[in-house]
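Architecture at a glance
Next come the chains, spelled out residue by residue.
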Amino acid sequence: MLRLYKTPTLLKKLMPGYTWSRQARGKSLYLTFDDGPIPEVTPWVLEQLAKFEAKATFFCVGDNLVKHPEVARQVLMQGHVLANHTYNHLKGWRTPLQDYLQNVAACQAALDKLQPARSPQLFRPPYGRISSRQAAQLRGKYELVMWDVLTNDYDNTLPSEKCLQNTLQHTQSGSIIVFHDSLKAKRNMMYALPRFLDHFCGLGYSFKTL
(Lines give C-alpha, C1' and ligand atoms only; values in the text may rest on other atoms or scores of the structure.)
Protein backbone atom coordinates (compact mmCIF):
# COMPACT_ATOMS: atom_id res chain seq x y z
CA MET A 1 0.00 0.00 0.00
CA LEU A 2 1.41 3.38 -1.04
CA ARG A 3 1.45 5.97 1.74
CA LEU A 4 2.63 9.52 1.26
CA TYR A 5 4.33 11.03 4.29
CA LYS A 6 6.06 13.95 2.60
CA THR A 7 4.01 16.17 0.30
CA PRO A 8 5.74 16.12 -3.11
CA THR A 9 7.40 19.36 -4.19
CA LEU A 10 5.62 19.17 -7.55
CA LEU A 11 2.20 19.13 -5.87
CA LYS A 12 3.12 22.21 -3.84
CA LYS A 13 4.14 24.01 -7.04
CA LEU A 14 0.91 22.99 -8.79
CA MET A 15 -1.15 24.30 -5.85
CA PRO A 16 0.60 27.54 -4.85
CA GLY A 17 -2.41 29.13 -3.15
CA TYR A 18 -2.18 26.82 -0.16
CA THR A 19 0.03 26.80 2.92
CA TRP A 20 2.16 23.64 2.95
CA SER A 21 4.83 24.74 5.42
CA ARG A 22 6.10 27.82 7.18
CA GLN A 23 9.32 29.57 6.24
CA ALA A 24 12.01 28.00 8.37
CA ARG A 25 13.11 30.36 11.14
CA GLY A 26 15.62 28.50 13.23
CA LYS A 27 14.40 25.19 14.55
CA SER A 28 10.62 25.60 14.41
CA LEU A 29 7.94 22.98 13.77
CA TYR A 30 4.17 23.29 13.45
CA LEU A 31 2.13 20.44 14.91
CA THR A 32 -1.50 20.20 13.86
CA PHE A 33 -4.26 17.86 14.99
CA ASP A 34 -7.33 17.12 12.88
CA ASP A 35 -10.87 15.91 13.64
CA GLY A 36 -11.30 16.67 17.36
CA PRO A 37 -11.91 17.81 19.93
CA ILE A 38 -13.14 14.71 21.73
CA PRO A 39 -12.88 13.85 25.44
CA GLU A 40 -11.44 10.39 24.79
CA VAL A 41 -8.28 11.67 23.07
CA THR A 42 -7.76 15.45 23.05
CA PRO A 43 -7.02 15.89 26.79
CA TRP A 44 -4.31 13.23 26.52
CA VAL A 45 -2.77 15.14 23.59
CA LEU A 46 -2.77 18.29 25.69
CA GLU A 47 -0.93 16.48 28.48
CA GLN A 48 1.81 15.40 26.08
CA LEU A 49 2.17 18.87 24.61
CA ALA A 50 2.41 20.40 28.09
CA LYS A 51 5.22 18.03 29.06
CA PHE A 52 7.35 19.43 26.25
CA GLU A 53 6.06 23.03 26.39
CA ALA A 54 4.86 22.55 22.82
CA LYS A 55 2.09 24.54 21.14
CA ALA A 56 -0.15 23.24 18.37
CA THR A 57 -3.05 24.10 16.09
CA PHE A 58 -6.23 22.00 16.28
CA PHE A 59 -8.32 21.80 13.10
CA CYS A 60 -11.70 21.07 14.62
CA VAL A 61 -14.88 19.50 13.32
CA GLY A 62 -17.66 21.92 14.19
CA ASP A 63 -19.99 19.19 15.41
CA ASN A 64 -17.34 18.16 17.95
CA LEU A 65 -16.94 21.76 19.10
CA VAL A 66 -20.65 21.95 19.83
CA LYS A 67 -20.72 18.56 21.56
CA HIS A 68 -17.54 19.10 23.60
CA PRO A 69 -17.04 22.83 24.24
CA GLU A 70 -15.31 22.11 27.56
CA VAL A 71 -12.57 20.21 25.72
CA ALA A 72 -12.20 23.03 23.21
CA ARG A 73 -11.84 25.54 26.04
CA GLN A 74 -9.16 23.36 27.59
CA VAL A 75 -7.24 23.55 24.28
CA LEU A 76 -7.43 27.34 24.35
CA MET A 77 -6.55 27.65 28.04
CA GLN A 78 -3.28 25.86 27.36
CA GLY A 79 -2.28 28.35 24.68
CA HIS A 80 -3.15 26.41 21.54
CA VAL A 81 -5.20 27.55 18.53
CA LEU A 82 -8.52 26.22 17.23
CA ALA A 83 -9.13 26.21 13.47
CA ASN A 84 -11.78 25.24 10.93
CA HIS A 85 -12.13 21.71 9.50
CA THR A 86 -15.78 22.03 8.33
CA TYR A 87 -18.77 21.26 10.54
CA ASN A 88 -19.31 17.67 9.34
CA HIS A 89 -15.89 16.63 7.98
CA LEU A 90 -17.06 16.94 4.38
CA LYS A 91 -15.27 15.73 1.29
CA GLY A 92 -15.02 18.80 -0.90
CA TRP A 93 -14.93 16.91 -4.17
CA ARG A 94 -18.31 15.32 -3.43
CA THR A 95 -20.08 18.35 -1.96
CA PRO A 96 -21.90 21.08 -3.92
CA LEU A 97 -20.32 24.51 -3.61
CA GLN A 98 -22.98 26.24 -1.51
CA ASP A 99 -23.40 23.25 0.80
CA TYR A 100 -19.66 23.22 1.40
CA LEU A 101 -19.45 26.95 2.07
CA GLN A 102 -22.38 26.78 4.49
CA ASN A 103 -20.74 23.90 6.33
CA VAL A 104 -17.48 25.84 6.69
CA ALA A 105 -19.43 28.86 7.92
CA ALA A 106 -21.25 26.74 10.50
CA CYS A 107 -17.94 25.51 11.87
CA GLN A 108 -16.61 29.06 11.95
CA ALA A 109 -19.66 30.21 13.92
CA ALA A 110 -18.92 27.55 16.53
CA LEU A 111 -15.26 28.64 16.65
CA ASP A 112 -16.16 32.31 17.01
CA LYS A 113 -18.08 31.54 20.19
CA LEU A 114 -14.90 30.13 21.72
CA GLN A 115 -12.00 32.30 20.61
CA PRO A 116 -11.44 35.80 19.23
CA ALA A 117 -11.56 36.10 15.45
CA ARG A 118 -8.29 36.41 13.55
CA SER A 119 -7.64 37.48 9.98
CA PRO A 120 -7.28 35.42 7.98
CA GLN A 121 -8.96 32.49 9.68
CA LEU A 122 -7.31 29.08 9.33
CA PHE A 123 -9.05 26.36 7.32
CA ARG A 124 -7.98 22.85 6.38
CA PRO A 125 -10.17 20.81 4.01
CA PRO A 126 -10.87 17.29 5.30
CA TYR A 127 -8.83 14.69 3.41
CA GLY A 128 -7.08 17.62 1.69
CA ARG A 129 -9.87 17.47 -0.90
CA ILE A 130 -11.26 20.77 -2.06
CA SER A 131 -12.40 21.96 -5.48
CA SER A 132 -10.92 25.01 -7.16
CA ARG A 133 -14.29 26.77 -6.92
CA GLN A 134 -14.57 26.06 -3.21
CA ALA A 135 -11.01 27.27 -2.64
CA ALA A 136 -11.60 30.44 -4.65
CA GLN A 137 -14.62 31.32 -2.52
CA LEU A 138 -12.83 30.67 0.78
CA ARG A 139 -9.47 32.20 -0.05
CA GLY A 140 -9.17 35.70 1.33
CA LYS A 141 -11.19 35.09 4.48
CA TYR A 142 -9.24 31.91 5.17
CA GLU A 143 -5.65 30.79 4.94
CA LEU A 144 -5.98 27.36 3.32
CA VAL A 145 -3.63 25.13 5.29
CA MET A 146 -2.46 21.78 3.97
CA TRP A 147 0.66 20.00 5.27
CA ASP A 148 4.26 19.09 4.64
CA VAL A 149 4.23 15.82 6.62
CA LEU A 150 1.28 13.45 7.05
CA THR A 151 1.77 10.89 9.83
CA ASN A 152 -0.83 8.42 8.50
CA ASP A 153 -1.67 7.72 12.16
CA TYR A 154 -5.29 6.95 11.20
CA ASP A 155 -4.18 3.87 9.21
CA ASN A 156 -4.76 0.90 11.50
CA THR A 157 -2.79 -1.41 9.20
CA LEU A 158 0.32 0.71 9.81
CA PRO A 159 2.64 -0.45 12.62
CA SER A 160 3.04 2.27 15.22
CA GLU A 161 6.85 2.21 15.07
CA LYS A 162 6.78 2.65 11.29
CA CYS A 163 4.37 5.57 11.70
CA LEU A 164 6.89 7.18 14.04
CA GLN A 165 10.02 6.50 12.02
CA ASN A 166 8.59 7.72 8.73
CA THR A 167 7.32 10.89 10.37
CA LEU A 168 10.71 11.55 11.97
CA GLN A 169 12.46 10.96 8.65
CA HIS A 170 10.44 13.50 6.67
CA THR A 171 10.14 16.33 9.21
CA GLN A 172 12.37 19.37 8.85
CA SER A 173 12.37 22.93 10.14
CA GLY A 174 9.24 24.75 9.00
CA SER A 175 7.24 21.54 8.50
CA ILE A 176 3.51 21.49 9.17
CA ILE A 177 2.82 18.01 10.57
CA VAL A 178 -0.60 16.34 10.75
CA PHE A 179 -1.64 14.07 13.61
CA HIS A 180 -5.28 13.28 14.48
CA ASP A 181 -6.96 13.55 17.88
CA SER A 182 -9.53 10.95 16.89
CA LEU A 183 -10.50 7.46 18.01
CA LYS A 184 -9.43 6.02 14.66
CA ALA A 185 -5.89 7.37 15.03
CA LYS A 186 -5.61 6.80 18.78
CA ARG A 187 -3.28 3.77 18.77
CA ASN A 188 -0.66 5.12 16.39
CA MET A 189 -0.91 8.71 17.57
CA MET A 190 -0.47 7.79 21.23
CA TYR A 191 2.64 5.82 20.36
CA ALA A 192 4.20 8.29 17.95
CA LEU A 193 3.40 11.70 19.44
CA PRO A 194 5.38 11.58 22.71
CA ARG A 195 8.38 10.01 20.96
CA PHE A 196 8.17 12.59 18.18
CA LEU A 197 8.10 15.43 20.71
CA ASP A 198 10.96 13.96 22.71
CA HIS A 199 13.10 13.48 19.60
CA PHE A 200 12.78 17.00 18.23
CA CYS A 201 12.83 18.77 21.59
CA GLY A 202 16.06 16.89 22.26
CA LEU A 203 17.45 18.40 19.05
CA GLY A 204 16.54 21.91 20.17
CA TYR A 205 13.34 22.39 18.14
CA SER A 206 10.37 24.42 19.34
CA PHE A 207 6.73 23.77 18.46
CA LYS A 208 4.61 26.76 17.50
CA THR A 209 1.03 27.52 16.49
CA LEU A 210 0.23 28.54 12.93
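Attention here is on the structure that accompanies the text. (Residues numbered from 1 in each chain as written. Predicted model: local features only at pLDDT ≥ 70, side-chain atom pairs only at ≥ 80, totals over all residues. Heavy atoms only, no water.)

Structural notes on the pattern of salt bridges
Condition: Here a salt bridge means any side-chain nitrogen of Lys or Arg lying within 4 Å of a carboxyl oxygen belonging to Asp or Glu. Strands here mean DSSP runs of E at least two residues long; helices mean DSSP runs of H or I at least four residues long; both are numbered from the N terminus. Accessibility here uses a 1.4 Å probe with only protein chains present; expressed as a share of the type maximum, an area under 20% marks a residue as buried, one over 50% as exposed, and anything in between as partly exposed.
In this structure the tally under the stated criterion is five salt bridges. With its nearest N and O atoms 2.7 Å apart, the salt bridge here joins Arg124 to Asp34. Taken together, the residues span a long stretch of sequence, with Arg124 in the loop between strand S4 (121-123) and helix H6 (132-138) and Asp34 in strand S1 (residues 28-34) at a distance of 90 residues. Exposure class is identical for Arg124 and Asp34. Each is buried. Measuring nitrogen to oxygen at the nearest pair gives 3.0 Å for the salt bridge that ties Lys67 to Asp63. Taken together, the residues Lys67 and Asp63, both in helix H3 (residues 62-67) and four residues apart, mark about one turn of the helix. A residue is classified by how much of its surface remains accessible, and Lys67, at 52% relative accessible area, is exposed. Through salt bridges with shared partners, one network takes in Lys6, Lys12 and Asp148.

Quick look at the layout of surface pockets
Stated precisely, the cut-off is as follows: A cavity, in this analysis, means grid points on a 1 Å lattice covering only the protein atoms where a 1.4 Å probe fits yet has no way out; a pocket is instead an open set bounded by protein on both sides within 12 Å along at least five of seven lines, and a residue lines either one if it has an atom within 4 Å of a point. Grid points are joined across faces, edges and corners, and a volume is the space filled by probe spheres set on the points. Think of it as three bins: nonpolar holds Ala, Val, Leu, Ile, Met, Phe, Trp, Tyr, Cys and Pro, charged holds Asp, Glu, Lys and Arg, and polar takes everything else, Gly as well.
Here the largest pocket defines a volume of roughly 830 Å³. Around the largest pocket, the lining comprises 33 residues; the ones closest to its centre are Tyr127, Gly128, Trp147, Leu150 and Tyr154. Within the lining of the largest pocket, the residues separate by chemical class into 18 nonpolar, seven polar and eight charged.

With respect to the nonpolar core
Using the following cut-off: Here, nonpolar core refers to any group of buried Ala, Val, Leu, Ile, Met, Phe, Trp, Tyr and Cys residues whose side-chain atoms link them within 4.5 Å. The contact rule is simple, with two residues in contact once any of their heavy atoms fall within 4.5 Å.
Residues Leu31, Leu49 and Phe58 are the most contacted members of the largest nonpolar core, which totals 36 residues. Elements with a minimum of two residues in this core: S1, helix H2 (42-51), strand S2 (56-60), helix H4 (69-77), helix H5 (97-112), helix H7 (160-170), strand S7 (176-180) and helix H8 (186-202). Among the elements that take part in this core, H8 stands out by supplying six residues, more than any other. Residues in contact with Phe58, not counting those within four places in the same chain, are Phe33, Thr42, Val45, Leu46, Leu49, Val75, His80, Val81, Leu82, Ala83 and Asp181. Counting residues in hydrophobic clusters, the runner-up holds 25 residues, among them Trp20, Tyr30, Tyr100 and Leu144.

A few points about the side chain of Ser28
Just so we agree on the cut-off: The definition of a polar contact used here is a pair of N or O atoms within 3.5 Å, where within protein one atom must be able to donate a hydrogen and the other to accept one, and adjacent residues in sequence count solely through side-chain atom pairs.
Within the fold, Ser28 resides in strand S1. A polar atom in the side chain of Ser28 sits 3.2 Å from the side chain of Lys208.

Focus on the packing of H2 against H8
To be explicit about the condition: Every axis in this analysis is a line fitted to C-alpha atoms, fitted for helices over the stretch in contact. Angles between the N-to-C directions lie between 0 and 180 degrees. Oblique is the label for every angle not falling under 35 degrees (roughly parallel), over 145 degrees (roughly antiparallel), or within 65 to 115 degrees (roughly perpendicular). Two helices that cross are described as forming a left-handed crossing if the nearer one is turned anticlockwise from the farther one by less than a right angle, and a right-handed crossing if clockwise.
H8 packs onto H2 with a crossing angle of 15° between their chain directions and a minimal axis gap of 10 Å. As the angle between them shows, H2 and H8 are arranged roughly parallel. Note on packing geometry: the crossing formed by H2 with H8 is right-handed. On H8, the residues touching Trp44, Val45, Gln48 and Leu49 of H2 are Met189, Met190, Leu193, Pro194 and Leu197. Taken together, the residues of the contact of H2 with H8 sort by class into eight nonpolar, one polar and no charged.

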